[in-house]
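# Coordinates in review
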Amino acid sequence: RNLGYEICKLRYRAAVVHTYAGCHIRHIKSRVKHVIPHSLTGNVVLWCGGNNCSSQDAETVTEEYKELIEEVKVTAPASKITIISVPPRRHSELENYRIRQVNNNLHYLCAHDENLNLIDDVPTDYDLHFKSDCTHLNKRGTVYMANVVLRSLRKGFLVRRSRINL
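The structure presented is a predicted model; accordingly, all values stated were derived computationally and were not measured.

### A look at the nonpolar core
One finds Leu46, Tyr65, Leu68, Ile69, Val72 and Ile83 to be the most contacted residues of the largest nonpolar core, which totals 26 residues. Contributing elements (two or more residues each) for this core: α2 (25–35), β1 (43–46), α4 (58–75), β2 (80–84), α5 (93–111) and β3 (116–120). Among the elements that take part in this core, α4 stands out by supplying six residues, more than any other. Sequence-distant contacts of Ile83, defined by excluding residues within four places in its chain, comprise Leu46, Tyr65, Ile69, Leu106, Cys110, Leu116, Asn117, Leu118 and Ile119. Counting 13 residues, the second-largest nonpolar core is a separate cluster that includes Ile84, Tyr126, Phe130 and Met145.

Encoded structure:
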C-alpha cells in the first residue's frame, strides 16, 4: 500500500500509484479506463493476483490477467506493461501451488510479448519483509520492492532473481 510513496521518495517522481487492497483482477480491470490516460507512453506496473489465487484455479487467474493486460493495451496503447510476480503466501500450500502456476504462465506471456516486462524478484522472507499476516509487506519489504520496481523501470528489461521453489 505504501509502495507508491516509497517509489516517489526514491526520486522517481513520475510515478502515479493506485492501490486496491483486497481486490481481484477483474475489479482492477474495471478501473483501468478511469485511472490510466490514453496518452500514457510510460510504464504501467501491475502487481495483483494473490487474492485470486485464494479462490480460483491458475487457468482462471491467468485468463483474468490476460484480460487485464489487454485492457491496459487498449486504454494506453503506447505504454509498456511491467508485471510483478505474485508473491507466495505462507499459510496455504494450495495457494502457493496456484501462485507457482500463475507465475509460470506470466513468465510465458512476458517472454512472448515485447511490450511486457516481468519482475520476478518478490520478497519471500516472511520474517524480514512481511507483516504478521504474511500477506502484506512491512516497511522493509515495501522499500525492497520499491527499489526492485525502480531498477526495472530504469533498465527497462526483465528483472529476475534465481528461481524460488515454494
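### Considering the pattern of salt bridges
The final tally for this structure, using the stated rule, is five salt bridges. The shortest N-O distance in the salt bridge between Asp113 and Lys73 comes to 2.4 Å. With Asp113 in the loop between α5 and β3 and Lys73 in helix α4, the pair connects residues that are 40 residues apart, well separated along the chain. Using a relative accessible area of 18% as the deciding quantity, one classes Asp113 as buried. For Lys73, a relative accessible area of 27% gives the class partly exposed.

### Details of the packing of α2 against α4
Taken N-terminus to C-terminus, the directions of α2 and α4 make an angle of 5°; their axes are 9 Å apart at the nearest point. Taken together, the axis directions place α2 and α4 in an arrangement best described as roughly parallel. Contacts between α2 and α4 pair Ile25, Arg26, Ile28, Lys29, Val32 and Lys33 from the former with Val61, Glu64, Tyr65, Glu67, Leu68, Glu71, Val72 and Thr75 from the latter.

### A few points about the pairing of β1
Consecutive side chains along a regular strand alternate between the two faces of the sheet. Of the two faces of β1, only the one carrying Val44 and Leu46 is buried; Asn43 and Val45 on the other face are not. As defined by bridge partners, β1 adjoins β2 across four bridges and the pair is classed as parallel. Considered in β2, the bridge of Leu46 is made with Ile83.

### Concerning the confidence of the model for the protein
The share of residues in the protein with pLDDT of 70 or more is 86%, and the mean pLDDT across the chain is 84. Per-element confidence in the protein is highest for α4, whose mean pLDDT is 97, and lowest for strand β4 (residues 159–160), whose mean pLDDT is 40. Counting contacts from residues 157–166, a segment whose pLDDT is below 50, to residues more than four positions away or on other chains yields 27 contacts.

### So, helix α7 (residues 139–155)
The end-to-end C-alpha separation of α7 is 24 Å, in line with the 24 Å expected for 17 residues at 1.5 Å each. Every buried residue belonging to α7 is among Gly141, Thr142, Met145, Ala146, Val148, Val149, Leu150, Ser152 and Leu153, and all of these are buried. Sitting at the head of α7, Asn138 places a side-chain oxygen 3.1 Å from the backbone nitrogen of Arg140.

### Structural notes on the environment of Ser39
Along the polypeptide, Ser39 turns up in the loop between α2 and β1. Residue class for Ser39 comes out exposed when judged on its relative accessible area of 61%. Taking the C-alpha atoms as reference points, Ser39 and Ala76, separated by 37 residues in sequence, lie 6.2 Å from one another.

Quick notes on the rules
Residues numbered from 1 in each chain as written. Predicted model: local features only at pLDDT ≥ 70, side-chain atom pairs only at ≥ 80, totals over all residues. Heavy atoms only, no water. Core = buried A, V, L, I, M, F, W, Y, C linked by side-chain atoms within 4.5 Å. Buried < 20%, exposed > 50% of the residue type's maximum accessible area, 1.4 Å probe, protein only. Helix = DSSP H or I, 4+ residues; strand = E, 2+ residues; numbered from the N terminus. Contact = heavy atoms within 4.5 Å. Salt bridge = Lys/Arg side-chain N within 4 Å of Asp/Glu carboxyl O. Axes fitted to C-alpha atoms, helices over the stretch in contact; angles between N-to-C directions. Parallel < 35°, antiparallel > 145°, perpendicular 65-115°, else oblique. Pairing = 2+ DSSP bridges. pLDDT = per-residue confidence, 0-100. Expected span 1.5 Å × (residues − 1). Polar contact = N/O pair within 3.5 Å; in protein donor to acceptor, adjacent residues only side chain to side chain.

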